[in-house]
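Structural description and commentary
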Amino acid sequence: MPNSHLSLTQYMFLSPAKVHGTFTVCLSEATAVFGLEIPISQKPPPEGWDSKHVLIHSPLPLKFRSNLLAPGAKMKASGLGCTCGITLVLLSLLAVLHATTAQKNDISIYSFTVDSKVSSRFAHTVVTSRVVNRAETVQEATFQVELPKRAFITNFSMIIEGVTYPGNIKEKAAAQEQYSAAVARGESAGLVKATGRKTEQFQVSVNVAPAAKVTFELVYEELLKRQLGVYELLLKVQPQQLVKHLQMDIHIFEPQGISFLKTESTFMTSELANALTISQNKTKAHIQFKPQKTAGQLDKVLDGNFIVRYDVNRTLSGGSIQIENGYFVHYFAPEGLPTIPKNVIFVIDKSGSMSGRKIQQTREALIKILDDLKPNDQFNLISFSGDVTHWKPLLVPASPENVDQAKRYAANIEAHGGTNINDAMLTAVRLLQSANQKELLSDGSVSLIILLTDGDPTVGETSPARIQKNVQKAIDGQYSLFCLGFGFDVSYVFLEKLALDNGGLARRIYEDSDSALQLQDFYQEVANPLLTAVTFEYPDNAVDKVSQDNFRLLFKGSEIVVVGKLRDQSPDVLSAKVRGQLHMQNITFQTESSVAEQEKEFQSPKYIFHSFMERLWAYLTIQQLLEQMVSASGAEKQALETRALNLSLSYSFVTPLTSMVVTKPEGEQRSEVAEKPVETSHHSFSRFPVGDTMHRKTGGIYADSVLTERRGYRGQAGPSRRIPSDPWRDGLRGPPNAPLYPLYHTPGEPDMMLAPSIPGEVLQERAKVTSSPAPIQAPPVILMLPGQSVNRLCVDIKHSQGPMKLLSDPDQGIEVTGQYETEKAQFSWIEVTLKNLQLQVRASPEHVVVTQNRRNSAYKWKETLFSMMPGLNMTMDKTGLLLLSSADKVTVGLLPWDGPGEGLRLLLRDTDRFSSHVNGTLGQFYQDVLWGPPTEADDSKRTLRVQGRDYSATRLVKLDYQEGSPGTEISCWSVEL
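First, a word on what this report is: a plain description of the structure on this page. (Residues numbered from 1 in each chain as written. Predicted model: local features only at pLDDT ≥ 70, side-chain atom pairs only at ≥ 80, totals over all residues. Heavy atoms only, no water.)

1. Description of the overall build of the chain
- Within the chain, the secondary structure is distributed over 14 helices and 52 strands.
- Across the 977 residues in the chain, those meeting the buried criterion constitute 53%.
- Here the contacts in the chain between residues at least 6 apart in sequence split such that 68% fall between residues at least 24 apart.
- As displayed, the chain offers around 44,100 Å² of accessible surface, 49% of which is attributable to carbon and sulfur atoms. (Helix = DSSP H or I, 4+ residues; strand = E, 2+ residues; numbered from the N terminus. Buried < 20%, exposed > 50% of the residue type's maximum accessible area, 1.4 Å probe, protein only. Contact = heavy atoms within 4.5 Å. Areas by Shrake-Rupley, 256 points an atom, 1.4 Å probe, with all protein chains shown as cover.)

2. Considerations on empty space enclosed by the protein
- The tally for this structure, following the rule as stated, stands at seven cavities of 30 Å³ or more.
- Taken as a whole, the largest cavity spans an internal volume of roughly 110 Å³.
- Taken together, Phe 346, Ile 348, Thr 362, Ala 365, Leu 366, Ile 369, Ile 450, Leu 452, Leu 484, Leu 519, Phe 522 and Tyr 523 make up the lining of the largest cavity.
- Elements that contribute at least two residues to the lining of the largest cavity include exactly β21 (342–349), α3 (357–371), β25 (446–453) and α8 (515–526).
- Counting residues per element, the lining of the largest cavity draws most heavily on α3, at four residues.
- Residue composition of the lining of the largest cavity, grouped by class: 11 nonpolar, one polar and no charged. (1 Å grid on protein atoms, 1.4 Å probe; cavity = no way out; pocket = protein on both sides within 12 Å on 5 of 7 lines; lining within 4 Å. Points joined across faces, edges and corners; volume = space filled by probe spheres on them. Nonpolar A, V, L, I, M, F, W, Y, C, P; charged D, E, K, R; others polar.)

3. Describing unusual backbone geometry
- Even without being a glycine, Arg 121 presents a positive backbone phi close to 75 degrees.
- Examined against the element boundaries, Arg 121 turns out to sit in the loop between β5 (107–119) and β6 (122–133).
- The class for Arg 121 is buried, based on a relative accessible area of 0%.

4. Thoughts on the sheet that holds strand β33 (residues 586–594)
- The strand order across the open sheet built from four strands is β30-β28-β32-β33, with neighbouring strands paired in antiparallel fashion. One side of each edge strand has no neighbouring strand; the edge strands of this open sheet are β30 (550–555) and β33. Across this sheet, the average inter-strand angle for adjacent strands is 30 degrees, counted without regard to direction.
- Judged from the nine bridges that link them, strand β32 (residues 573–581) and β33 form a sheet pairing that is antiparallel. Residue Gln 581 lies in a different strand from β33, and its bridge partner there is Asn 586. (Pairing = 2+ DSSP bridges. Axes fitted to C-alpha atoms, helices over the stretch in contact; angles between N-to-C directions.)

5. Quick look at the pattern of salt bridges
- Summed over all chains, the structure comprises 33 salt bridges.
- The closest approach of N and O atoms between Lys 358 and Asp 454, which form a salt bridge, is 2.9 Å. In this pair, Lys 358 is assigned in helix α3 and Asp 454 in the loop between β25 and α6 (464–475), connecting sequence segments 96 residues apart. Both residues of the pair, Lys 358 and Asp 454, belong to the buried class.
- Through salt bridges with shared partners, a single ionic network connects Arg 121, Arg 226, Glu 254, Asp 311, Arg 314 and Glu 559. (Salt bridge = Lys/Arg side-chain N within 4 Å of Asp/Glu carboxyl O.)

6. So, the packing of aromatic side chains
- Under the counting rule described, the total for this entry stands at 29 aromatic pairs.
- For the pair Phe 267 and Phe 306, a centre-to-centre distance of 6.4 Å together with 35 degrees between the ring planes defines the contact as tilted. Of the two residues, Phe 267 is situated in the loop between β15 (258–265) and β16 (276–280) and Phe 306 in strand β18 (residues 304–312); the sequence distance between them amounts to 39 residues. A single burial state applies to Phe 267 and to Phe 306, both of which are buried.
- Summarising the aromatic geometry, the rings of Trp 617 and Tyr 651 are spaced 6.2 Å apart at their centres and angled 75 degrees between planes, so their arrangement reads as edge-to-face. Taken together, the residues span a long stretch of sequence, with Trp 617 in helix α10 (residues 612–631) and Tyr 651 in the loop between α11 (634–650) and β34 (658–663) at a distance of 34 residues.
- For Tyr 651, a relative accessible area of 14% corresponds to the buried category.
- Three or more aromatic residues joined by ring pairs make a cluster, and in this case those are Phe 122, Phe 152, Tyr 619 and Phe 653.
- When the ring centre of Trp 391 is taken as origin, the NZ or CZ atom of Lys 392, which lies over that ring, is 5.1 Å away. (Phe/Tyr/Trp six-rings, centres within 6.5 Å; stacked < 30°, edge-to-face > 60°. Lys NZ or Arg CZ within 6 Å of the ring centre and 35° of its normal.)

7. Concerning helix α4 (residues 400–411)
- With 12 residues, α4 should cover 16 Å at 1.5 Å per step; its first-to-last C-alpha distance of 16 Å lies within 8% of that length.
- Taken together, the buried positions of α4 are occupied by Asn 402, Val 403, Ala 406, Lys 407 and Ala 410. Down the axis of α4, the smallest arc covering the buried residues is 140 degrees, so these residues share one side. The outward face of α4, more than 90 degrees from its buried face, is lined by the exposed residues Glu 401 and Arg 408.
- Packed against the buried residues of α4 are α3, β22 (378–384) and β24 (396–397). (Expected span 1.5 Å × (residues − 1). Arc of directions from axis to C-beta.)

8. Section: α11
- With 17 residues, α11 should reach 24 Å at 1.5 Å per residue; the first-to-last C-alpha distance of 25 Å fits that figure.
- All of the buried residues along α11 are Leu 640, Ala 644, Leu 645, Leu 647 and Ser 648. Along α11, the residues classed as buried sweep out an arc of 165 degrees about the axis, all on the same side. What points out from α11, more than 90 degrees from its buried face, is the exposed set Ala 635 and Ser 650.
- Looking at the buried residues of α11, the elements they touch are β9 (163–171), α10 and β34.
- One or two residues past the end of α11 sits Ser 652, with phi positive at roughly 55 degrees.

9. Some details on the environment of Ser 611
- As for its placement among the helices and strands, Ser 611 is situated in the loop between α9 (595–601) and α10.
- Classification of Ser 611 by relative accessible area gives buried; the value is 10%.
- Each C-alpha atom of the pair Ser 611 and Tyr 327 lies 8.9 Å from the other, and the pair is 284 residues apart in sequence.
- Filtering out sequence-adjacent residues up to four positions away, Ser 611 remains in contact with Glu 324 and Asn 325.

10. Overview of the state of the cysteines
- Evaluated as defined, the whole model comprises one disulfide.
- Between Cys 794 and Cys 972 runs a disulfide, and the two sulfur atoms are separated by 2.0 Å. Taking the sign of the S-S torsion, about -115 degrees here, the bridge from Cys 794 to Cys 972 comes out left-handed. A residue pair is termed long-range when its members are at least 10 positions apart, and Cys 794 in strand β37 (residues 793–796) and Cys 972 in strand β52 (residues 968–976) qualify at 178 residues. (Disulfide = S-S within 2.5 Å.)

11. A closer look at the packing of α3 against α4
- Put simply, α3 and α4 touch, their axes get as near as 9 Å, and they point 175 degrees apart. Looking at the two axes, α3 sits roughly antiparallel to α4. Residue-level inspection shows Arg 363, Leu 366, Ile 367, Leu 370 and Asp 371 of α3 in contact with α4, the latter providing Val 403, Ala 406, Lys 407, Ala 410 and Ala 411.
- Per-class residue counts for the contact of α3 with α4 are seven nonpolar, no polar and three charged. (Parallel < 35°, antiparallel > 145°, perpendicular 65-115°, else oblique.)

12. Describing the side chain of Asn 343
- Mapping Asn 343 onto the fold places it in strand β21.
- Polar contacts involving the side chain of Asn 343 include one to the side chain of Ser 445, which spans 2.9 Å.
- Filtering out sequence-adjacent residues up to four positions away, Asn 343 remains in contact with Gln 378, Leu 395, Leu 432, Leu 441, Ser 445, Val 446, Ser 447 and Leu 448. (Polar contact = N/O pair within 3.5 Å; in protein donor to acceptor, adjacent residues only side chain to side chain.)

13. A look at the packing of helix α5 (residues 421–437) against α6
- Packing of α5 against α6 brings their axes to within 10 Å, and their N-to-C directions diverge by 0 degrees. The angle between the axes of α5 and α6 places the two elements in the roughly parallel class. Contacts from Ile 421, Asn 422, Met 425, Leu 426, Val 429 and Gln 433 in α5 reach Ile 467, Asn 470, Val 471, Ala 474 and Ile 475 in α6.
- Across the contact of α5 with α6, the residue classes tally to eight nonpolar, three polar and no charged.

14. Here's the deal with the sheet that holds strand β7 (residues 139–148)
- Strands sit in the order β7-β11-β10 across an open sheet of three strands; the sheet is antiparallel. Every other strand in the sheet has two partners, leaving β7 and β10 (192–194) as the edge strands with one partner each. Averaged over all adjacent pairs, the angle separating strand axes in this sheet is 25 degrees, with direction ignored.
- In terms of strand pairing, β7 meets strand β11 (residues 199–208) through 10 bridges, oriented antiparallel. Counterpart to Thr 142 in the pairing with β11 is Ser 205.

15. Comments concerning the environment of Glu 821
- One can find Glu 821 in strand β39 (residues 814–821).
- Considered as a pair, Glu 821 and His 799 are 22 residues apart in the sequence and their alpha carbons are 9.0 Å apart.
- Not counting residues up to four positions away in its chain, the partners in contact with Glu 821 are Gln 826 and Ser 828.

Structure (structure tokens):
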């Protein structure tokens, strides 16, 4: 075992008390280290010691929790999970290491599969994990799956040695006794918890005998919701260890026809590209991810998202009615309708709690939202803290002049004071009422109020119930209210009822680097109303048990869904009328569907799961009943709850009204309870900024602030360097999913949390300041000129005012713009526009934002990304290199360079594909370039003539950033612009 080390995966700081001799630890493999390595001895162990023990000679000054024993003495077992005979516990850390490696090496996942069938937007997903215990002792196996928040779990089972232990779905009250008993015993009774913006985590553990096998299977279902013109299926792949057989299959069947389909993954790499196959025809698609061991594709632990986005064909019609096994679904989202003018009032919280990043992001989002207003819209702004201020006394048209004034007003909103939600909302209603009375609102226009707040009311009327009552009375069904809760200090329950009472909806805005994008995305969802007062009509003798059939608004990019049951003696053809109001007129759509033809459509077992339409009906009906319960009260609310509960039990859905009791083998905690999480005011996850260094699994939140990646200490070294107390408050934390052990303090012992002492001569050496030549810098841009692999052009931008058109090629459909800050000598942003795809990629030092069809997606730098869509492949690797490539097109790359001369960098590949029409600050160099001869006095200087203009070029040594940090030195011709 040459060059082996015992590595401690903890934030560990020990006093300089020397210990001589040898000691034994339970250890099965070496793991990562933070600044401290102990060499493992190569000497053979003493006779009689088994092979699980390792002899360690430590030359480092260490302090142990227990003293070494005299030769021949016996030591009591630590009881911290080690299975070795004689164990010395080093601050409980070695037990943590053992428990972790035992979990990784002894419980082996030999098969992990995900199978998802999407039939007419309704997704049925089965996640199966098969494990075996390869240890000689009982081990704990954990099954963990993240699923979408909108999904309902419908089944879970464990098969242990041929015996099935099912999950039984019961009324929540019936399961409460078991739940409460488990909590009273100090056991973790809840199996499902919220883990992110869009997901919940299901986790269950069970003890497994030596050589025994366990099969875990989780089934969940959801109706994919159309937002901004896209359906999205999100799957999590996180087996947490290497798996011998890993496979994911997605079958999609859409009778209307699939108009486009694209995939995106955060765990895919170029090495895994051929493990992904996509086959598609007019109505069906099969996506398979199946890495092969022979290709080395199973040598990496996969952990991340796999996303499928698609839409279906549609026309200006009454929608699509689909029928299966006696049930129908009616999808309505007509194409080609004009947008209705809107009157919108933005009500912005500027209380003290909004100060800092929140108000900055709100200003940023509001300025961009104002730019998106249409000329025939009317608008106003209200900002509030303890007092309420409106920008204008009346609503004003969204003319360029008014929008510019509003943007200047928004840019100067400052946060301070309390939170007077009641008066702010009533002021907004009065503005709309006043405009209506003065006949300032155009006929047939839609009036919206959009409230953004981050806290509960603290000034004026502070009772949530009275505020809800006051606002509902004032609005009186005339306007729609949308509530955005910024962060987790606001009562989401309060905002949800406030919105649903008034024909709108509530949305959580997560505190993150992309909060401004979240606000913009929400506005885009409601920015284009198409129809108002939408109603669906079916023949009374044909249908029964129809879900909600009247809707206040239809927005562009969304979809209305109605489901129901066919009567036993229903006609052979199901007809429907959809009525609504356009801007200045009423409109009626008619459509019909043959029952026999539709039944024949859904016959393929490969794409269809049994009675899916009936389950879709139950799912949507439950979701709508739960939503209606928010605004209901008394007997009406009880009746809605009873209906939702009965459906949940009949169709085995885990909803907020039901619980699933998971049974376990005899001798263990006999049952655990899985319940559906609901949105609350507080959240235990997803509060970390995009790109933050915090570890989301272990809680090791101070690693980057104490130790650098090179294992050197930041700031002042030595005993005076105190570490934060938080990581130790609840005990030492180990690697991901490791058990947590308390850190005990023995009275009389010295402080165990000081940094290792560093010899004085080392400190003196570190304190010496030596002069060295300035490091070689990477230029802002390196251009690879066609046919000139040697003569690279390094472009140094010295003069820049405002955004620059870096290059544009109309034949390629590519445009690249950027903002270069000469003082900082770096790009503040670079934007790539692919006009044929109507797609924009905007890179900033913070993150990358991809916008297509008014939809924004934000990605962190240096997180793998693999996205495939018609006409474009978009990939990002661990260095942060983002590449946009497609056949016969120039490849554009973006990189967050962190070497000398740090900042955003642009890369261009396949530049021989530029057309003769390419232009721009950089594009000009891909036209006919004429090199002058070297000057007589200095052959490192030449003249470069581009489009009749001469540039001086100097041969210099620069850093090539194109392969990522640390870069390589190159000689290039440097040109100043």
